[in-house]
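# Inside the fold
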Amino acid sequence: MLKFASHAGPLRLLAVCALALLAGCGDKPEAAVEAFLERHWTEPMAPQGAPPAAFSPLEASLNPAACGQCHAEQYAAWRTSLHSKAMGPGLRWQLMLMDQEQGNRCLRCHTPLAEQKALLALEHGWPNAPKQPPPDFVPSDLGHQGLVCAACHVRGHRRFGPPPRNEAVKDGPHGGFVVAEAFQDSRFCAHCHQFPDSGPRIAGKLLEDTYRQWLAGPYAKEGAGKQTCQSCHMPDRQHRWRGIHDPEMTRRAIEVSLKLQALGDGRYEARANVRNSGAGHHFPTYMVPKVELVFYRRDADGGSVELGRHLIGWNVDTPITRELSDTRIAAGEARDFRQPFNAAGGDWRVELVMRVLPAEHYERIYRDALGRADQLPAAAVPLLRRALDEAVATRYELLRLEARAEP
């Protein structure tokens, strides 16, 4: 039986899901970091237990809004992040089709607190759900709040965080906090953003491999030139974790050029070169996002012809069993995308439009599922439709480039 407030009854969960972003490291004893991370990410994560008697309800609460009473800037940023949406409709409708063991593979990262998992076990009627109601420090909606503050910063009601940049406040709320260098190490978030060697693979590739991609890239090198994952995703310790969903972030990750070459006899080739100059891992890192390159011929009279499309990304079938293609670009590397075409003389130009589809794989999954909506639980269908709408809404146009044939 699961319990909310006792260390004697931790959830018995498996581990395999993932979503978003890594931290970075400076010079520190490697063994100390490894030891801390092993304790901090113990699986299954134990319940917090009863709060200290001296704690006020605000200090004891696991509600992110409670943390936001003092940490207002961090809370406001977190609310805009994908971490706060990790238990959105796209996962909630799928949990209705899962048993507890299957669901826990996802909850490991999307809602890692034992208290969150207990609430979701109650919601779905799973057999190991707790018999008692949640204690006062566990809000009833905590299971739907995603990767909350406490998932990274609270264990056994003790607070943990990186070394303070200024003098720490003594005798502060919740007894202060435990300083841990590991919060500045790229391995901290590898708990969710790097599968072990035994994890699921397609075509021999781990489904989640971001940390090792970073290790293999130029940013992981020691010295003054080293750039950690926090350097990009948590600048100035901001809790926003921007990635490919953010146009500005994506634009800083790549350099794109377009050239047009005449081959003779009215034949041409447009060539787009995309260099991963700013991401510390593959562009894009995971199977979900795609970047679409669309070539057009634009005529002076307003006519337009689509010449072809190319995809940057790891394309996998919706059952996640077979690789269709992999055109991701490793950190520091570049790839050419060539589009041959025929064109008569006249005043025309080639235009390249680059579009980003941050949730492309999810879009395909949701559309496939809606095609058999009559086989789903009735309560799942509205969530599924909402998930598809939200996925499509993340699309955006990143840039446009033009090239003209040499006279």
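Everything that follows concerns the structure shown earlier in this document.
Within each chain, residues carry numbers counting from 1 in the order of the written sequence. Only residues with pLDDT of 70 or above have their local features reported here, since the model is predicted, and side-chain atom pairs are shown and tallied only from 80 upward, although totals for entire chains, interfaces and linings are computed over all residues. Values shown for side chains rest on all heavy atoms present in the structure; no hydrogens or waters enter the calculation.

### Points about the overall build of the protein chain
Only DSSP runs of H or I reaching four residues or more are called helices, and only runs of E reaching two or more are called strands; each is numbered from the N terminus. On a plain count of helices and strands, the protein chain comes out with 14 helices and 14 strands. Only C-alpha atoms enter the radius of gyration; for comparison, a globular chain is expected to reach 2.2 Å times N to the power 0.38, where N is the number of residues. What you see for the protein chain is a C-alpha radius of gyration of 24 Å, in line with the 22 Å of a compact globule of 407 residues. When its C-alpha atoms are laid out on the principal axes, the protein chain stretches across 85 × 60 × 40 Å. Here the protein chain, with 407 residues, has 51% of them falling under the buried criterion. A separation threshold of at least 6 residues defines the contact pool for the protein chain, and within that pool the share at least 24 residues apart is 71%. Per-residue accessibility takes into account occlusion by the displayed protein chains alone, with areas from the Shrake-Rupley method and a 1.4 Å probe. By element, 51% of the accessible surface of the protein chain is carried by carbon and sulfur atoms, the whole surface being about 19600 Å². Each residue gets one of three labels from its accessible area relative to the maximum for its type: buried under 20%, exposed over 50%, partly exposed in between, using a 1.4 Å probe on protein chains only. Note on contacts: a residue pair is in contact if any heavy atoms of the two residues lie within 4.5 Å.

### Quick look at the sheet that holds strand 14 (residues 396–403)
Taken together, the four strands give an open sheet; going across it, the order is 9-8-13-14, and neighbouring strands pair in antiparallel fashion. The sheet terminates laterally at strand 9 (304–312) and strand 14, the two strands that pair on one side only. Shown here is a sheet whose adjacent strand axes are inclined to one another by a mean of 20 degrees, direction ignored. Between any two strands, at least two bridges found by DSSP are needed for them to pair. As paired elements, strand 13 (residues 348–357) and strand 14 share seven bridges and run antiparallel to each other. Looking across to strand 14, one finds that Val356 is bridged to Tyr396. Only the contacting stretch of a helix is used when fitting its axis, a line to C-alpha atoms as for every element, and angles between N-to-C directions run 0 to 180 degrees.

### Observations concerning the sheet that holds strand 7 (residues 267–276)
Pairing within the open sheet is antiparallel, and its three strands lie in the order 6-7-12. At either margin of the open sheet sits one strand with a lone partner, and together these are strand 6 (254–264) and strand 12 (334–342). Across the sheet, the axes of successive neighbouring strands diverge by a mean angle of 15 degrees, strand direction being ignored. Here nine bridges tie strand 7 to strand 12, and the two strands are oriented antiparallel to one another. When the sheet's bridge partners are listed, Arg275 is paired in strand 12 with Ala334.

### Some thoughts on the side chain of Arg159
In this fold, Arg159 is placed in strand 2 (residues 158–161). Glu59 provides the closest opposite charge to the buried, unpaired Arg159, separated from it by 7.7 Å. The term polar contact refers here to a pair of N or O atoms within 3.5 Å; inside protein, the definition further demands a hydrogen-donor-capable atom paired with an acceptor-capable atom, and it admits residues adjacent in sequence only when both atoms are side-chain atoms. A polar contact of 2.5 Å, which involves the side chain of Arg159, links it to the backbone oxygen of Glu59. Residues scored as positive are Lys and Arg, those scored as negative are Asp and Glu, and His as well as the terminal groups of each chain are ignored. By definition, a salt bridge exists where a carboxyl oxygen of Asp or Glu is found within 4 Å of a side-chain nitrogen of Lys or Arg.

### Some points on the layout of surface pockets
As a volume, the second largest pocket reaches approximately 1600 Å³. His71, Gln74, His153, Pro162 and Phe177 are the residues nearest the centre of the second largest pocket, which is lined by 50 residues in total. When residues of the lining of the second largest pocket are traced back to their parent elements, those giving at least two are helix 2 (57–60), helix 3 (64–67), helix 4 (72–79), helix 8 (149–153) and strand 2. Three classes are used: nonpolar for Ala, Val, Leu, Ile, Met, Phe, Trp, Tyr, Cys and Pro, charged for Asp, Glu, Lys and Arg, and polar for all others, with Gly counted as polar. Partitioning the lining of the second largest pocket into residue classes produces 25 nonpolar, 16 polar and nine charged. Computed over the protein atoms alone on a 1 Å grid, cavities are sets of points where a 1.4 Å probe fits but cannot get out and pockets are open sets with protein on both sides within 12 Å along at least five of seven lines; a residue lines them when it has an atom within 4 Å of a point. Grid points are joined across faces, edges and corners, and a volume is the space filled by probe spheres set on the points.

### Section: the environment of Trp241
By the element assignment, Trp241 lies in the loop between helix 11 (229–233) and helix 12 (247–253). A sequence separation of 186 residues divides Trp241 from Phe55, and the C-alpha atoms of the two residues are 31 Å apart.

### Quick look at the nonpolar core
Formed by 30 residues in total, the largest nonpolar core has its most connected members in Val274, Phe341, Val350 and Met354. Judged by nonpolar contacts, the second largest core, of 28 residues, contains Leu37, Leu147, Phe160 and Phe183. Residue types Ala, Val, Leu, Ile, Met, Phe, Trp, Tyr and Cys, when buried and joined through side-chain atoms within 4.5 Å, form a set referred to as a nonpolar core.

### A few points about the packing of helix 13 (residues 360–370) against helix 14 (residues 380–393)
Two quantities define a packed helix pair, namely the angle between the helix axes and the distance between the axes. The N-to-C vectors of helix 13 and helix 14 enclose an angle of 150 degrees; their axes lie 9 Å apart at closest approach. As far as their axial angle goes, helix 14 and helix 13 are roughly antiparallel. As helix 13 packs across helix 14, the resulting crossing turns out to be left-handed. Each of Glu363, Tyr366, Arg367, Ala369 and Leu370 in helix 13 lies in contact with helix 14, whose residues at this interface are Leu384, Arg385, Ala387, Leu388, Ala391 and Val392. Orientation is classified from the angle alone, with under 35 degrees giving roughly parallel, over 145 giving roughly antiparallel, 65 to 115 giving roughly perpendicular, and any other angle giving oblique. Crossing handedness is defined as follows: a turn of the near helix away from the far one that is anticlockwise and smaller than a right angle gives a left-handed crossing, while the clockwise case is right-handed.

### Some words on unusual backbone geometry
In this structure, Pro44 follows Glu43 across a cis peptide bond, with omega equal to -5 degrees. Its location among the elements puts Pro44 in the loop between helix 1 (30–40) and helix 2. The omega torsion across Phe283 and Pro284 is -15 degrees, close enough to zero to call that bond cis. Mapped onto the elements, Pro284 comes out in the loop between strand 7 and strand 8 (290–299). A positive phi angle, close to 45 degrees, is found at His174, a residue other than glycine. Structurally, the position occupied by His174 is in the loop between strand 2 and strand 3 (178–179).

### Observations regarding the environment of Leu324
Within the element layout of this structure, Leu324 appears in strand 11 (residues 323–326). Between the alpha carbons of Leu324 and Leu398 there is a distance of 24 Å; along the sequence they are 74 residues apart. When residues no more than four places from it in sequence are discounted, the contact partners of Leu324 are Asn315, Val316, Asp317 and Arg364.

### Focus: helix 7 (residues 114–124)
Most of helix 7 sits out of view: eight of its eleven residues are buried. Every buried residue of helix 7 is listed here: Ala114, Glu115, Gln116, Lys117, Ala118, Leu119, Leu120 and Ala121. A positive phi of about 65 degrees marks Gly125, the residue just after helix 7.

### Observations concerning the pairing of strand 2
As defined by bridge partners, strand 1 (residues 154–155) adjoins strand 2 across two bridges and the pair is classed as antiparallel. Following the sheet pairing, Val154 is matched in strand 2 by Arg159. Hairpin connection of strand 1 to strand 2: two residues between the antiparallel strands, including Gly156 at a positive phi of 55 degrees. Inspection of the sheet shows strand 2 paired to strand 3 by two bridges, in the parallel sense. Among the inter-strand pairings, Phe160 is bridged to a residue of strand 3, identified as Val178.

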